[in-house]
Amino acid sequence: MAGDDVAAFNLAVMLDEGTAVPEDNLGAAKFYGLAARRGNVDAMVNLGLMFESGEGVRRNPAAAQDLFRQAADRGDPLGQQKLDPIATGSVLHAAMVAKMDRRK
């Protein structure tokens, strides 16, 4: 796998989903990280999702946002969507909707 981001990504997916190997989310995060460092956009998004939810790793919203930004900067639509505060259901959006729903 020396230098092969796709191989690292595929191994991560297998570990993440438990396909042909026992599920190992920590191992999946490790290989997603390797693939992401090698420029694999799908790995950036998947690792970002793991950091966002705390699946297999300690929850880290800042790391998730960084990975989503890296993916978005490379044109990934899910990375872009995850950075959109309205699409992600931000507190600000919820507050704005609540304010608009108030009747005077």
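Keep in mind that what you see is a predicted model, and the values were worked out from it rather than measured.

Rules used in this analysis
- Residues numbered from 1 in each chain as written.
- Predicted model: local features only at pLDDT ≥ 70, side-chain atom pairs only at ≥ 80, totals over all residues.
- Heavy atoms only, no water.
- Salt bridge = Lys/Arg side-chain N within 4 Å of Asp/Glu carboxyl O.
- Helix = DSSP H or I, 4+ residues; strand = E, 2+ residues; numbered from the N terminus.
- Buried < 20%, exposed > 50% of the residue type's maximum accessible area, 1.4 Å probe, protein only.
- Polar contact = N/O pair within 3.5 Å; in protein donor to acceptor, adjacent residues only side chain to side chain.
- Contact = heavy atoms within 4.5 Å.
- Core = buried A, V, L, I, M, F, W, Y, C linked by side-chain atoms within 4.5 Å.
- Expected span 1.5 Å × (residues − 1).
- Patch = residues over 30% accessible without salt bridge, like charges linked within 9 Å, V, L, I, M, F, W, Y side chains within 5 Å.
- Areas by Shrake-Rupley, 256 points an atom, 1.4 Å probe, with all protein chains shown as cover.
- Lys, Arg positive; Asp, Glu negative; His and termini not counted.
- Charge placed at Lys NZ, Arg CZ, Asp CG, Glu CD.

A. Quick peek at the pattern of salt bridges. Counted according to the given criterion, the structure contains 1 salt bridge. The shortest N-O distance in the salt bridge between glutamate 52 and lysine 82 comes to 2.8 Å. Of this pair, glutamate 52 sits in helix H3 (residues 41–53) while lysine 82 sits in helix H5 (residues 77–83); the two residues are 30 residues apart in sequence, bridging distant segments of the chain. For lysine 82, a relative accessible area of 17% corresponds to the buried category.

B. Spotlight on the side chain of asparagine 40. Looking at where asparagine 40 falls in the secondary structure, it is placed in the loop between helix H2 (25–37) and H3. Among the polar contacts made by the side chain of asparagine 40, one reaches the main-chain amide nitrogen of aspartate 42 at a distance of 3.1 Å. In this structure asparagine 40 touches Asp5, Val6, Phe9 and Ala35, once residues within four positions along its chain are discounted.

C. Here's a closer look at unusual backbone geometry. Even without glycine at this site, alanine 20 takes up a positive phi of about 70°. With respect to the helices and strands, alanine 20 occurs in the loop between helix H1 (5–17) and H2. On the basis of relative accessibility, which here comes to 75%, the residue alanine 20 falls in the exposed class.

D. Structural detail: the nonpolar core. In this structure, Phe9, Tyr32, Ala43, Leu47, Met50, Phe51 and Leu67 are the most contacted members of the largest nonpolar core, which totals 24 residues. Those elements that place two or more of their residues in this core are H1, H2, H3 and helix H4 (61–73). Among the elements that make up this core, the one with the highest residue count is H3 (7 residues). Not counting residues up to four positions away in its chain, the partners in contact with tyrosine 32 are Phe9, Ala12, Val13, Asp16, Ala43, Asn46, Leu47 and Met50.

E. Here's a closer look at H2. Between its first and last C-alpha, H2 extends 18 Å over 13 residues, near the 18 Å set by a 1.5 Å rise per residue. Elements in contact with the buried residues of H2: H1, H3 and H4. For H2, the capping residue at the N-terminal end is aspartate 24, with a side-chain oxygen 3.3 Å from the backbone nitrogen of leucine 26. Just downstream of H2 lies glycine 39, where phi reads positive at about 100°.

F. Main features of a negative patch on the surface. Where like charges cluster on the molecular surface, the negative patch consists of Glu17, Glu23, Asp24 and Glu55. Position of glutamate 55 among the secondary structure elements: in the loop between H3 and H4.

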